[in-house]
Amino acid sequence: MARVYLFKPFERFWHWAQAALIITMLVTGFEVHGTYQLFGFGKAVDYHTLAAWTLVGLWIFAIFWHITTGEWRQYIPTTQKMLAVASYYSSGIFKGEEHPYKPTPGKKHNPLQRLTYLAVLTLLSPLIWVTGGLYLFYADWPRLGLSGLSLQWVATGHTLGAFLMLAFLILHLYLATTGHKITSQVMAMITGWEDLGDDAAPGKKH
């Protein structure tokens, strides 16, 4: 069984902490939205706000870590093997074919992962943060010269961002089960090591 060390300790901590905070924000956010009642409106708002500020702090540190370690390069888009990976997820995976992309420490994410993570980081997350910040500081809009903004549009944008993040989370959980074994990619985010299967052993061609 070929194994490769992919994820450093901070990456694993960042992944799980971010996941816990995002899930907390989704659960409390949908309660604030009136979808169900779990903690009570007041507590849901407090938990949601606390999780949001904690995630902001985590992201600031993560950005610093990615820049100083050079790991930001992992998210640079590439078209190499993109069609092969897309074909695998659309049909090959259901035929028992081998994944066409084998991760390495220098290239951990396949082309579709890179595009998806980049979109989440540069499009979806800013949508959530900007609308969430505007929502949080709604009382200060007149002082900030933002009285012309529509609270309904801000709320709609924030809710849309939440649903898109939920869709990403569901897709992410599904794809996490599509490794060499159903637990391979989850274990990689716990131990740092990912099992790639015998076909990925040194000297084998892909």
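Residues numbered from 1 in each chain as written. Predicted model: local features only at pLDDT ≥ 70, side-chain atom pairs only at ≥ 80, totals over all residues. Heavy atoms only, no water.

> Provide a residue-level description of the overall build of the protein chain, including the pertinent values.
Looking only at helices and strands, the protein chain features seven helices and two strands. For the protein chain, the sequential pattern of α-helices and β-strands runs β-α-α-α-α-α-α-α-β. Principal axes of the C-alpha set define a box for the protein chain whose edges measure 65 × 35 × 30 Å. Looking at the protein chain as a whole, 35% of its 206 residues are labelled buried. Pairs at least 24 apart in sequence give 66% of the contacts found in the protein chain among residues at least 6 apart. Carbon together with sulfur atoms contributes 70% to the accessible area of the protein chain, which is approximately 12500 Å² in total. Charge separation in the protein chain, taken as the distance between the mean sites of 15 positive and 11 negative side-chain charges, equals 7 Å. (Helix = DSSP H or I, 4+ residues; strand = E, 2+ residues; numbered from the N terminus. Buried < 20%, exposed > 50% of the residue type's maximum accessible area, 1.4 Å probe, protein only. Contact = heavy atoms within 4.5 Å. Areas by Shrake-Rupley, 256 points an atom, 1.4 Å probe, with all protein chains shown as cover. Lys, Arg positive; Asp, Glu negative; His and termini not counted. Charge placed at Lys NZ, Arg CZ, Asp CG, Glu CD.)

> Explain the packing of aromatic side chains to me, and be specific about the residues and the numbers.
Per the counting criterion, the structure on display carries eleven aromatic pairs. Ring plane angle 70 degrees and centroid distance 6.3 Å describe the contact between Trp59 and Trp129, whose orientation is recorded as edge-to-face. Here Trp129 lies in helix 4 (residues 111-136) and Trp59 lies in helix 2 (residues 41-69), a separation of 70 residues in the sequence. Residue classification places Trp129 among the partly exposed residues on the basis of a relative accessible area of 26%. Between Tyr117 and Phe168 the ring centres are 6.4 Å apart and the planes differ by 80 degrees, which places this aromatic pair in the edge-to-face class. You can see Tyr117 sitting in helix 4 and its partner Phe168 sitting in helix 6 (residues 151-175), a full 51 residues away along the chain. Residue Tyr117 is classed as buried on the basis of its relative accessible area of 16%. Within the aromatic cluster, the residues linked to one another by ring pairs are Phe10, Phe13, Phe61, Phe64 and Trp65. (Phe/Tyr/Trp six-rings, centres within 6.5 Å; stacked < 30°, edge-to-face > 60°.)

> Go over the side chain of Gln74 with me, naming the residues and quoting the values.
Position of Gln74 among the secondary structure elements: in the loop between helix 2 and helix 3 (82-90). When neighbours within four sequence positions are excluded, Gln74 is seen to be in contact with Pro105, Gly106, Lys107, Lys108, His109 and Arg114.

> Account for the pattern of salt bridges, naming residues and giving values.
Across all of its chains, the model carries six salt bridges by this definition. Between Asp195 and Arg3 there is a salt bridge, with the nearest N and O atoms lying 3.0 Å from each other. Of this pair, Asp195 sits in strand 2 (residues 193-195) while Arg3 sits in strand 1 (residues 3-5), placing them 192 residues apart in sequence. When its relative accessible area of 49% is taken as the criterion, Arg3 is described as partly exposed. Sharing partners across several salt bridges, the network here consists of Lys8, Glu11, Glu71 and Lys108. (Salt bridge = Lys/Arg side-chain N within 4 Å of Asp/Glu carboxyl O.)

> Any details on the nonpolar core? Residues and values, ideally.
Core analysis: the biggest nonpolar cluster contains 23 residues, and Trp14, Leu26, Leu55, Leu58 and Met165 have the highest contact counts within it. Broken down by secondary-structure element, the contributors of at least two residues to this core are helix 1 (9-32), helix 2, helix 4 and helix 6. Leu58 has contacts with Phe13, Trp14, Ala17, Gln18 and Leu21, leaving out every residue within four places of it along the chain. If you look at the next biggest cluster of nonpolar residues, it comprises six residues, including Val4, Leu6, Phe7 and Leu196. (Core = buried A, V, L, I, M, F, W, Y, C linked by side-chain atoms within 4.5 Å.)

> Outline the confidence of the model for the protein chain, supporting the account with residue identities and numerical values.
For the protein chain, the mean per-residue pLDDT works out to 90, and 95% of the residues sit at or above 70. In the model, residues 200-206 has pLDDT below 50 throughout and makes eight contacts with residues more than four positions away in sequence or in other chains. (pLDDT = per-residue confidence, 0-100.)

> Requested: an account of unusual backbone geometry, with residues and values cited.
The phi dihedral of Lys81 is positive, around 65 degrees, even though this residue is not glycine. Looking at the element boundaries, Lys81 is found in the loop between helix 2 and helix 3.

> How would you sum up helix 7 (residues 184-191)? Please name residues and give values.
Where helix 7 is concerned, the buried positions are Ser184, Ala188 and Met189. Mapping the buried residues of helix 7 onto a view down its axis gives an arc of 140 degrees, with all of them on the same face. Against helix 1 and strand 2 lie the buried residues of helix 7. (Arc of directions from axis to C-beta.)

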